[in-house]
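Take a look at the letters that make up each chain.
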Amino acid sequence: MSRQTVPADFSGHMLDLDEDDDLEVFSKNPSLADGGPMPTSPSSLVNQYRPEEEEEEQPEADARDLFITVDNPESHVTAVETFIMYRVATKTTRSEFDSSEYEVQRRYQDFLWLRSKLEETHPTLIVHPLPEKFVMKGMVERFNDDFIETRRRALHRFLNKVSLHPVLSYSHHLEVFLTAPDLLPYKKQGPGFLSRLGDTVRAVANSVRGLKSRPEEFNLMQEYVEDFSIRISSVDKVTQRIIKEQREYLDELKQYNPTYAQWAESEEELAEPLSAVASCVERCSKETDEQVHHLSEVLVPALHEYVLCSETLKAVMRRRDNIQAEYEAKNEALGSRRADPQTLQDEVDSLADRVELANNALKGDWSRWQNGMRSDLKSAFLSTAEKNVEYYEQCLAVWESFLLSQRVEASEQRDGEDAS
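Residues numbered from 1 in each chain as written. Predicted model: local features only at pLDDT ≥ 70, side-chain atom pairs only at ≥ 80, totals over all residues. Heavy atoms only, no water.

Novice: An account of the overall build of the chain is needed here, citing residue identities and associated values.
Specialist: Per the secondary structure count, the chain includes 9 helices and 3 strands. In the chain, the succession of α and β elements from N to C terminus is α-β-β-β-α-α-α-α-α-α-α-α. Residue burial in the chain is summarised as follows: out of 420 residues, 40% are buried. (Helix = DSSP H or I, 4+ residues; strand = E, 2+ residues; numbered from the N terminus. Buried < 20%, exposed > 50% of the residue type's maximum accessible area, 1.4 Å probe, protein only.)

Novice: I'd love a proper account of the packing of aromatic side chains, names of residues and values included.
Specialist: Applying the stated rule across the entire model yields 11 aromatic pairs. Ring centres of W399 and F402 lie 6.1 Å apart, and the angle between their planes is 85°; this geometry places the pair in the edge-to-face category. Linking W399 with F402, this pair stays in helix α9 (residues 341–419), spanning 3 residues, or about one helical turn. In this structure F402 comes out as buried when scored by relative accessible area, which is 13%. Through pairs of rings, three or more aromatic residues link up here, namely Y224, F228, Y306, W366 and W369. (Phe/Tyr/Trp six-rings, centres within 6.5 Å; stacked < 30°, edge-to-face > 60°.)

Novice: Kindly report on unusual backbone geometry, identifying the contributing residues and their values.
Specialist: With a phi angle near 50°, N72 is a residue other than glycine that sits in the positive phi range. When you line up the elements, N72 lands in strand β1 (residues 66–77).

Novice: So what's going on with the pattern of salt bridges? Residues and values would help.
Specialist: Counted according to the given criterion, the structure contains 24 salt bridges. In this structure, E120 and K117 form a salt bridge, with 3.8 Å as the shortest nitrogen-oxygen distance. Of this pair, E120 and K117 both sit in helix α2 (residues 108–121), 3 residues apart, which is roughly one turn of that helix. Assessed through its relative accessible area of 41%, E120 is described here as partly exposed. Judged by relative accessible area, which is 10%, K117 ranks as buried. One salt bridge in this structure joins K314 and E311, with 3.4 Å as the shortest N-O distance. Here the residue K314 and the residue E311 both occupy positions in helix α8 (residues 271–336), the gap between them amounting to 3 residues, near one helical turn. K314 gets classed as buried once you look at its relative accessible area, which sits at 16%. Within the structure, one salt-bridge network assembled from shared partners comprises E149, R152, R153 and E297. (Salt bridge = Lys/Arg side-chain N within 4 Å of Asp/Glu carboxyl O.)

Novice: If you had to explain the nonpolar core to someone new, which residues and values would you point to?
Specialist: Judged by nonpolar contacts, the single largest core of 29 residues is most densely connected at V88, F111, L114, F158, L159, F177 and L178. Looking at this core, the elements with two or more residues in it are β1, β2 (82–92), β3 (101–107), α2, α3 (145–163) and α4 (172–179). One finds I126, V292, L295 and V300 within the second-largest nonpolar core, a separate group that totals 25 residues. (Core = buried A, V, L, I, M, F, W, Y, C linked by side-chain atoms within 4.5 Å.)

Novice: Pulling in residues and values, what's your account of the sheet that holds β2?
Specialist: Strand-to-strand pairing in sheets goes through backbone hydrogen bonds, with the strands running parallel or antiparallel. Spatial strand order, β1-β2-β3: 3 strands in an open sheet with antiparallel pairing. A single partner strand is all that each edge strand has here, and the edge strands are β1 and β3. Along the sheet, successive strands turn relative to each other by an average axial angle of 20°, direction set aside. As paired elements, β2 and β3 share 7 bridges and run antiparallel to each other. Counted as the bridge partner of A89 is E103 from β3. Lying over the sheet, α2 contacts β1, β2 and β3, oriented at roughly 105° with respect to β3. Contacting β1, β2 and β3, α4 runs over the sheet at an angle of about 90° to β3. (Pairing = 2+ DSSP bridges. Axes fitted to C-alpha atoms, helices over the stretch in contact; angles between N-to-C directions. Contact = heavy atoms within 4.5 Å.)

Novice: Could you give me a rundown of the environment of I230, with the residues and numbers involved?
Specialist: By the secondary structure assignment, I230 is in helix α7 (residues 216–266). The sequence separation of I230 and V307 amounts to 77 residues, and the corresponding C-alpha distance is 8.9 Å.

Novice: Lay out the pairing of β1 with the relevant residues and their values.
Specialist: The pairing of β1 with β2 spans 10 bridges and is classified as antiparallel. Within β2, the position partnered with T69 by the bridge is A89. Here β1 folds back onto β2 in antiparallel fashion, the turn holding 4 residues.

Novice: Break down the confidence of the model for the chain for me, with residues and values.
Specialist: Predicted confidence across the chain gives a mean pLDDT of 81, with 73% of residues reaching 70 or more. Note on residues 38–57: pLDDT is under 50 here. Beyond four places in sequence and across chains, it has 29 contacts. Under a pLDDT of 50 for its full length, residues 192–196 has, in the predicted model, 6 contacts with residues more than four places off or in other chains. (pLDDT = per-residue confidence, 0-100.)

Novice: Break down the packing of α2 against α4 for me, with residues and values.
Specialist: For the pair α2 and α4, interaxial distance at closest approach is 9 Å and the crossing angle is 165°. One element, α2, and the other, α4, form an angle in the roughly antiparallel class. Seen from above, α2 lies across α4 with right-handed handedness. In contact with D110, F111, W113, L114, K117 and T121 of α2, α4 contributes H173, L174, V176 and F177. Classifying every residue of the contact of α2 with α4 by side-chain character gives 6 nonpolar, 2 polar and 2 charged. (Parallel < 35°, antiparallel > 145°, perpendicular 65-115°, else oblique. Left-handed = near helix turned anticlockwise from the far one by under 90°. Nonpolar A, V, L, I, M, F, W, Y, C, P; charged D, E, K, R; others polar.)

Novice: Describe the packing of α2 against α3, with residues and values.
Specialist: Axis separation between α2 and α3 bottoms out at 12 Å; the angle between their running directions is 30°. Judged by the angle between their axes, α2 and α3 are roughly parallel. As α2 packs across α3, the resulting crossing turns out to be left-handed. Counted together, Y108, F111, L114, R115 and L118 of α2 and R151, L155, F158, L159 and V162 of α3 form the full contact between these two elements.

Novice: Outline α2, supporting the account with residue identities and numerical values.
Specialist: With 14 residues, α2 extends 20 Å from end C-alpha to end C-alpha; this agrees with the ideal 20 Å at 1.5 Å per step. Among the 14 residues of α2, 10 are classified as buried, and the element is accordingly described as predominantly covered. Those residues of α2 lying buried are Y108, Q109, D110, F111, W113, L114, R115, K117, L118 and E119. (Expected span 1.5 Å × (residues − 1).)

This is the structure in structure tokens:
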């Protein structure tokens, strides 16, 4: 059978030489036209439909025994760097913890350390991604308040995803992260530079060697991941472009309103309708601003989170393939008797167990991840749809109220002319 090339995976073996870089790197009433309240139509889909709470995939609140909150971001400035510290508060009833409540300060690189340790000890479990370390140019300013809040929510979500995981939530590294006043002593533990270099060399060798055959179920997983990555990335990019265009439209609306208001001052016969149009544009501008904010805060983070998840899945698949490739190489060496048979047999048996554990871990985590992904994205899509309906209905109500007010005025004018 033809060999399948295994792409090198360095995610679990990268030499961490720059841990200190943190943030280099969403009734028709005429009074509406004059700024009155804007009720939603009784026939609105927003009033008719409310998405069901989809908590089936998550443990009931009463069954949970580990609650984590990331909040209170604070900027710290030193002679060499500026970084953000977050408060991580934990409440738990687990017996492994010495206390029921903890509160520690963590920076972004601490979250990176935790995630790398979780991947190192559980290479074929799907560890939820962290927000990027580097900020895309032109997206936000460094240490911008909106960016810091977006990152805080992403870090909070990461820890809560881990806390709900049936395996990762019991990791010793998570316990240390949540409870240790200082992580530095723990960061110094673990394999040294040469050991990590050796792991990286083995990963490259396994990728070059390739697989003889991948089990069909993992071929199907690989195909799904590739397809999912393409689709979620495409939707994410288009959504970003739509938001950019809507922001430009909003800027135009904000210039549109004063143009009508100024015109009304110099056109006495048209003053009333021009002023009403100016008011309508202003109200629609506010609604557009809220819609853009909702898209940026709800839909974009959900989409981009799963763009990052697709990269995580690819890395997990590569690590699984590398474990199998190492097993096949040792088994082949045993068959050719190029080394001590007994020593090789022990290594082959050990690797066979490792392959089985890796496969079982990934298969067990796969459906759990898919269910969570579908629930998260469905929730974001429903929320966005509801907001869109509300937005268009509010703008429709504004302009309909304008038309009604003009018709009432025209009717009153005709009645006055008839009376005279």
